[in-house]
Structures are given as C-alpha cells and as structure tokens.
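# Architecture at a glance
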Amino acid sequence: MQRTTHRCLPLARPVVVAVAAAVALTASSCAKSEDDAADSKKSPAAAGAEQQVVTPKPGSETCTVEAYGGKKIDLKDATVGFSQSEKEANPFRIAETQSIKDEAAKRGVKLLTANAQSQFSKQISDVQDLLAKGADLLVIAPLNSDGWDPVLQAAAAKKVPIVTIDRKINATACRDYVSFIASDFVEQGRRAADQMIEATGGKGEVAILLGAAGNNVTTERTKGFKERVAEKAPGLKVVFEQTGDFTREKGQQVTEQLIQSKPGIKGIYAENDEMGLGAVAALKGAGKKAGDVRIVTVDGTRNAVQGVVDGWISGVIESNPRFGPLAFQTLDDFTQGKAVHQDLIIQDSAYNADNAEQDLGKAY
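## A short note on the overall build of the protein
A tally of regular secondary structure across the protein gives 11 helices and 16 strands. Counting all 364 residues of the protein, 57% fall into the buried class. Split by element, the accessible area of the protein, about 14,300 Å² in all, is 47% carbon and sulfur.

## Quick word on the sheet that holds strand 9 (residues 204-210)
The six strands lie next to each other as 10-9-11-12-13-16, forming an open sheet whose pairing is mixed. Each end of this open sheet is capped by a strand with a single partner; those strands are strand 10 (236-243) and strand 16 (350-351).

## Details of the state of the cysteines
This model, assessed by the stated rule, comprises one disulfide. Each sulfur of the disulfide joining C63 and C174 lies 2.1 Å from the other. Residues C63 and C174 share a disulfide whose torsion about the S-S bond is about 80 degrees; that sign makes it right-handed. Taken together, the residues C63 in strand 3 (residues 62-63) and C174 in the loop between strand 7 (162-165) and strand 8 (179-183) connect sequence positions 111 residues apart. Both residues of the pair, C63 and C174, belong to the buried class.

## Concerning the pattern of salt bridges
Inspection of the entire model under this criterion finds 21 salt bridges. Of the charged contacts, one joins R93 and D166 as a salt bridge, the two residues approaching to 3.2 Å between their closest N and O atoms. Taken as a pair, R93 in helix 3 (residues 91-107) and D166 in the loop between strand 7 and strand 8 lie far apart in primary sequence, 73 residues in all. Overall, the relative accessible area of 1% leaves D166 in the buried class.

## Brief notes about the nonpolar core
Within the largest apolar cluster, 59 residues are counted, with the highest numbers of intra-cluster contacts made by L138, W148, I162 and I313. Beyond its immediate chain neighbours, meaning those up to four positions away, I313 contacts L277, V280, I295, T297, A304, G307 and V308. The next biggest cluster of nonpolar side chains, apart from the first, holds 23 residues, and it includes L75, A95, A104 and L137.

## Focus on the side chain of Q123
Relative to the assigned elements, Q123 resides in helix 4 (residues 120-132). Looking at Q123, the relative accessible area reads 0%, which means it is buried. Here the side chain of Q123 touches A141 through a polar contact of 2.9 Å, landing on its backbone oxygen. In this view, Q123 contacts S83, Q84, S85, A116, I140, A141, P142, L143 and W148; residues no more than four positions away in its chain are not counted.

## A few points about the confidence of the model for the protein
The predicted model of the protein averages 87 in pLDDT, with 84% of residues at 70 or higher. This stretch, residues 1-44, has a pLDDT under 50; its non-local contacts, to residues over four places away or in other chains, come to 171 contacts.

## As for the environment of K250
Relative to the helices and strands, K250 resides in helix 8 (residues 248-261). Between the C-alpha atoms of K250 and G278, which are 28 residues apart in sequence, the distance is 7.2 Å. Ignoring sequence-local partners within four residues, the contact set of K250 consists of T243, G244 and D245.

## Here we look at the pairing of strand 5 (residues 110-115)
Sheet topology places strand 4 (residues 79-84) next to strand 5; six bridges connect them, and they run parallel. For Q84, the partnering residue across the bridge sits in strand 5 and is N115.

## Looking at the packing of helix 3 against helix 11 (residues 324-335)
Orientation of helix 3 relative to helix 11, taken along the N-to-C sense of each, is 50 degrees, at an axis distance of 8 Å. By the angle between their axes, helix 3 is oblique relative to helix 11. At the point where helix 3 passes helix 11, the crossing takes the right-handed sense. When helix 3 is examined against helix 11, the residues S99, I100, E103, A104 and R107 are found in contact with a partner set consisting of G324, P325, A327, F328, Q329 and D332. In the contact of helix 3 with helix 11, the residues fall into five nonpolar, three polar and three charged.

Conventions adopted
Residues numbered from 1 in each chain as written. Predicted model: local features only at pLDDT ≥ 70, side-chain atom pairs only at ≥ 80, totals over all residues. Heavy atoms only, no water. Helix = DSSP H or I, 4+ residues; strand = E, 2+ residues; numbered from the N terminus. Buried < 20%, exposed > 50% of the residue type's maximum accessible area, 1.4 Å probe, protein only. Areas by Shrake-Rupley, 256 points an atom, 1.4 Å probe, with all protein chains shown as cover. Pairing = 2+ DSSP bridges. Disulfide = S-S within 2.5 Å. Salt bridge = Lys/Arg side-chain N within 4 Å of Asp/Glu carboxyl O. Core = buried A, V, L, I, M, F, W, Y, C linked by side-chain atoms within 4.5 Å. Contact = heavy atoms within 4.5 Å. Polar contact = N/O pair within 3.5 Å; in protein donor to acceptor, adjacent residues only side chain to side chain. pLDDT = per-residue confidence, 0-100. Axes fitted to C-alpha atoms, helices over the stretch in contact; angles between N-to-C directions. Parallel < 35°, antiparallel > 145°, perpendicular 65-115°, else oblique. Left-handed = near helix turned anticlockwise from the far one by under 90°. Nonpolar A, V, L, I, M, F, W, Y, C, P; charged D, E, K, R; others polar.

Set out below in structure tokens:
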C-alpha cells in the first residue's frame with residue numbers, strides 16, 4: 001500500500017486539502033491474506049473512508065506537460081496502463097487495483113492492466129508490454145524502487161507520462177515520472193511509535209517485523225518509528241529486527257522465532273497488518289493471551305481493525321490504498337496542461353481501542 005528510499009523532494013509545511021474539492025476520492029491502503037480476499041472484493045470505500053491529501057504550499061515543486069516534454073490529450077480518449085506489483089491476495093492490493101478499475105470505468109477511460117505477481121523482472125516486462133499495446137499514460141505501483149531504467153527510457157521515447165503510487169521509483173520527478181502519490185511513511189512510523197509508547201508505558205523490549213527490503217516503505221516506516229522512540233521513550237529498546245516480507249505467513253514464522261529468543265518481549269511493531277496478524281497467530285499458538293504482547297501495525301485492513309476490537313492488537317495506523325480517483329485526477333489535470341504536484345501525500349487515520357469498533361466499516 002509497497003523498496004527503500006526517501007522522498008527526494010522535501011515538502012513544505014503541509015496544508016490539508018479535502019480531495020472532494022479537487023476530486024471525489026473514495027480511497028484507502030496496504031496488505032491481505034488469500035483467506036480474506038473474497039471479503040475485500042466485496043468492500044467498496046465506506047462513507048468516511050475517502051482519502052484526503054496533504055499537499056505542499058503554493059510555490060512547492062510541480063510539473064507541467066511542457067516541462068515534462070509530453071503533449072496535451074483528452075483523458076477520455078486515452079488508454080491508461082496500470083501495473084500492479086503484487087498478486088491480489090492481500091487487502092491492500094485488492095483495494096488498490098479495484099480503486100483503479102472503478103475510477104477508469106467511472107470516467108469511461110480504456111484501461112489495460114498487468115500484475116507482476118511479486119516478480120520485479122515481470123513487472124518491467126509488463127510495463128514494456130503495456131507501452132507496446134498503446135498505453136498513452138501509465139500508473140505504476142512499483143515492487144522495487146531501483147532498476148526502472150529500461151521502462152523509463154521506453155516511456156520517455158514515446159513521451160508517455162508516468163504516475164507512481166504507494167512506492168517510489170528512484171528517478172527524477174518531472175523528467176522520468178510526473179507525480180508520486182502515497183502516504184507519509186516516516187510519519188506512519190512515528191505514529192506507530194506513539195501508539196507503542198502508550199501501549200507499553202514507554203518501557204521494555206520491543207521488536208520490529210520489517211517489511212520487504214528494497215523499497216521506501218520499509219525504510220521510512222522503520223526510520224520514523226526508531227526516531228520517535230529515541231526522542232520520546234528512551235526506556236523502550238528495540239532488541240529484534242527481522243523481515244517478514246509484508247506477508248502473514250512470514251510474520252508468523254518470525255514471531256515464533258522471536259518469542260523463543262526473546263521471551264520477555266513486550267511489544268511488536270509490524271510494518272503492515274499482514275505481518276501483525278501473523279504475529280497474533282504465533283502468540284495464540286504459544287498460549288499467550290490478548291494483551292500479553294502489545295502489537296501495533298500499519299495498514300487499516302478489516303481483520304487488523306477487528307484485532308483491535310478483540311484486544312490482540314493495540315493500534316493500527318491507516319495506509320489508504322484507494323488511489324484511483326487521485327491518480328486519474330492527476331493525469332487529467334496534467335494532460336490538460338495544468339501544473340500538478342510532484343509529491344501528493346495522503347493523510348491517513350488510525351484505529352485504537354477508542355474507535356476501532358465504531359470505525360470498523362471504514363476498514364478495507
């Protein structure tokens with residue numbers, strides 16, 4: 001909702017802009033198990049789940065079709081290619097892809113789709129194939145942040161604008177791509193740390209279930225968490241870090257190892273819900289009770305929010321995956337010749353014991 005880099009362009013102090021003013025966004029964010037896939041497909045954006053965007057103040061970096069070297073076109077007459085990075089067996093990717101499809105259908109835009117099935121070489125060939133099939137515009141959910149030169153060169157040769165969502169490509173904005181749309185992953189890490197500090201009282205040993213290596217999501221969620229813990233709770237010690245690859249199965253396996261090697265662990269920060277749900281399964285398997293180990297996760301999937309209701313998860317920071325409206329509005333504005341922001345940062349909500357039950361319907 002998914003590999004490692006920091007945003008190239010610093011944002012000015014943000015102002016919140018309700019996307020309804022620019023676009024009727026019905027959006028949301030990041031991972032799900034195959035067991036839950038069917039439920040996610042039935043879950044359109046609930047009332048109150050619409051994305052809001054934090055944008056830079058006027059004067060911050062923007063991009064225009066002239067500066068990019070493209071051409072003005074009518075979006076209704078264009079073909080948009082969408083490249084999904086991972087198989088749609090988790091809630092974030094299911095919601096993300098469905099949002100893109102729904103918005104294309106709403107606008108009457110021809111959409112070509114491809115799914116890389118978590119294989120980076122396939123994603124590169126997928127995007128090249130979308131270009132070969134006549135895509136005039138591209139929306140890419142990158143698997144990795146590096147290694148995109150073949151695609152960027154091919155798109156540049158055809159003057160095809162690119163919008164990336166959720167994960168960032170290590171390239172130059174307004175030269176290699178137009179805009180990057182995502183959550184503030186560093187801030188997500190900070191907010192997760194705040195919830196962990198509250199849940200643990202700011203003391204004890206905690207573990208981090210890291211996301212997949214090689215993307216900015218993992219790096220930034222880790223950075224934000226560690227920085228906030230160091231700043232606010234020096235008595236809270238990170239004593240274990242291991243990747244769970246953003247999957248429930250791996251999250252469970254790593255947690256099983258964790259509770260063997262660190263039986264006194266007080267908290268687990270899982271960098272997405274799927275790993276957090278895997279951690280819950282491991283704790284249940286070890287005979288632990290809800291609340292014995294505090295768990296904080298990032299995403300906002302229905303199962304994780306239910307975990308808060310049930311007491312197994314202390315808090316969930318949302319990462320909203322419903323990018324369709326904002327991605328298409330950005331492309332529409334850009335192809336009309338309007339200036340668009342190079343970084344569009346989504347404002348995410350959060351779930352805890354106070355609001356999880358009443359806000360469960362907003363989860364995906």
